[in-house]
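As a plain string of letters, each chain reads:
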Amino acid sequence: MGVNGGVNGVLLAVDAGNSKTDVAVLAQDGTVLGSARGGGFQPPVVGVATAVDGLAEIVGRACAEAAVPVEFAHVTACLANADLPVEEAALRAELLGRGWSPTVRVHNDTFAILRAGLDEPRGVAVVCGAGINCVGMTPDGRTARFPAIGKISGDWGGGGGLADEALWFAARAEDGRGLPTALADALPAHFGLESMYALIEALHLGRITVERRHELTPVLFAVAAGGDPIALSLVHRLAEEVVAMAAVALRRLGLHREEAPVMLGGSVLAARHPQLEERIRELLAARAPKAVIGFVTAPPVLGAGLLALDEASAGPEAKARLRGRYEV
């Protein structure tokens, strides 16, 4: 269904992640009229209204660049922390209350990554960055998704989870409770320390911040590449989680018996670690033989923009023009 009204049919596309936000003001022919970037979008920390206040400032800058008022024919907002339908509803209500547009569509930000990798809104994406998530969509509007809010929703993996697992195995290897692993030397060495005990102390006392734990994920992959069995087992377990999510999403959408794209994105998957990628391909071939793996490297705001153009029933030329703006 097309959208009408607003200022000359102008659309707003938002990709708001935990660490950064990108917005684009679009014409319905796919031209980017204005854009802006700002900080992360974290309503669980600051509250929905305050989070949208921060978003409003970024939207205002994009509109200033586009020389249009903050008034749109449609808003598509792909937002971090919109993990449950009730959260999507609360965020949509807040955005509608700002009076930017009479039509607002809120998605979890993983949908932006999925759409950025697809020529049409049909397929599945697994995203592994700090955490892990999976979504799928079909052209008739059906979606597949998971709560993706951590262990309480059955999740395992992501850069943060891998770092914690690596620390667990390394600590037990050093003190004798667990099997030997090269992680016990490699993890503290990354921070210039001589033992896991020293690393545990530094983490516990805050001399190394929690935010820096993600630096250990590439160390884990390097140790696995060297043949360490413990590190390799964690890489293989991540592959199993990625494939489990993708296979379930494909089945929910009825795409498991036909050729369908499975897009991989996020910092951990986009790094294309050979052992991880090889294992994902092997396992997915067994569970969904017709699935076609691809990797998303385009910025997620492209996906948000394509979703906005989908809502406006824009043609292929408009979508190609938008891709040309963001794909290099």
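Refer to the structure presented above.
Conventions we followed
Residues numbered from 1 in each chain as written. Predicted model: local features only at pLDDT ≥ 70, side-chain atom pairs only at ≥ 80, totals over all residues. Heavy atoms only, no water. Phe/Tyr/Trp six-rings, centres within 6.5 Å; stacked < 30°, edge-to-face > 60°. Buried < 20%, exposed > 50% of the residue type's maximum accessible area, 1.4 Å probe, protein only. Lys NZ or Arg CZ within 6 Å of the ring centre and 35° of its normal. Helix = DSSP H or I, 4+ residues; strand = E, 2+ residues; numbered from the N terminus. Pairing = 2+ DSSP bridges. Salt bridge = Lys/Arg side-chain N within 4 Å of Asp/Glu carboxyl O. Contact = heavy atoms within 4.5 Å.

Trainee: Even after reading the chapter, I still don't get the packing of aromatic side chains, so can you show me in this structure?
Mentor: Aromatic ring pairs are reported here in terms of the distance separating the ring centres and the angle at which the planes meet. If you walk through the whole model with that rule in mind, you get one aromatic pair. Ring centres of tryptophan 168 and phenylalanine 169 lie 4.9 Å apart, and the angle between their planes is 85 degrees; on these two criteria the pair is classed as edge-to-face. Using a relative accessible area of 24% as the deciding quantity, one classes phenylalanine 169 as partly exposed. Directly above the ring of phenylalanine 146 sits arginine 252, whose terminal nitrogen or CZ lies 4.7 Å from the centroid.

Trainee: Got a minute to help me understand the pairing of strand β7 (residues 132-137) in this structure?
Mentor: Taken residue by residue, a regular strand's side chains alternate between the two faces of the sheet. Most of β7 sits inside the fold, with six of its six residues counted as buried. Residue alternation in β7 divides its side chains into two sets, Ile132, Cys134 and Gly136 and Asn133, Val135 and Met137, and both sets are buried. In this sheet, β7 lies alongside strand β6 (residues 123-128) in antiparallel orientation, the contact comprising six bridges. From the neighbouring strand, alanine 125 faces β7, where its bridge partner is valine 135. Joining the antiparallel neighbours β6 and β7 is a turn of three residues. Direction of pairing for β7 relative to strand β8 (residues 143-145): antiparallel, over a ladder of three bridges. Bridged to glycine 136 within β8 is alanine 144.

Trainee: Got a minute to help me understand the pattern of salt bridges in this structure?
Mentor: It is possible for side chains of opposite charge to pair when their charged atoms get near one another. Applying the stated criterion across every chain yields a total of 19 salt bridges. With its nearest N and O atoms 2.7 Å apart, the salt bridge here joins glutamate 258 to arginine 122. Taken as a pair, glutamate 258 in the loop between α9 (229-252) and β9 (260-265) and arginine 122 in the loop between α4 (110-116) and β6 lie far apart in primary sequence, 136 residues in all. Exposure remark for arginine 122: the relative accessible area of 16% places this residue in the buried category. What you see here is one network of salt bridges that share partners, running through Lys20, Asp22 and Arg37.

Trainee: Any chance you could explain the environment of alanine 27 here in plain terms?
Mentor: Relative to the elements of secondary structure, alanine 27 occurs in the loop between β2 (20-26) and β3 (32-39). In this structure the C-alpha to C-alpha distance between alanine 27 and arginine 98, which are 71 residues apart in sequence, comes to 21 Å. In contact with alanine 27, not counting residues within four places along its chain, are Leu33 and Leu309.

Trainee: Where do I start with the environment of valine 296 in this structure?
Mentor: Along the polypeptide, valine 296 turns up in the loop between β10 (291-295) and α12 (300-311). With relative accessibility at 9%, the residue valine 296 sits in the buried group. Distance in space between the C-alpha atoms of valine 296 and threonine 50 is 31 Å, their sequence separation being 246 residues. Setting aside residues up to four positions removed in sequence, valine 296 forms contacts with Ile113, Ala116, Gly117, Met263, Leu264 and Gly265.

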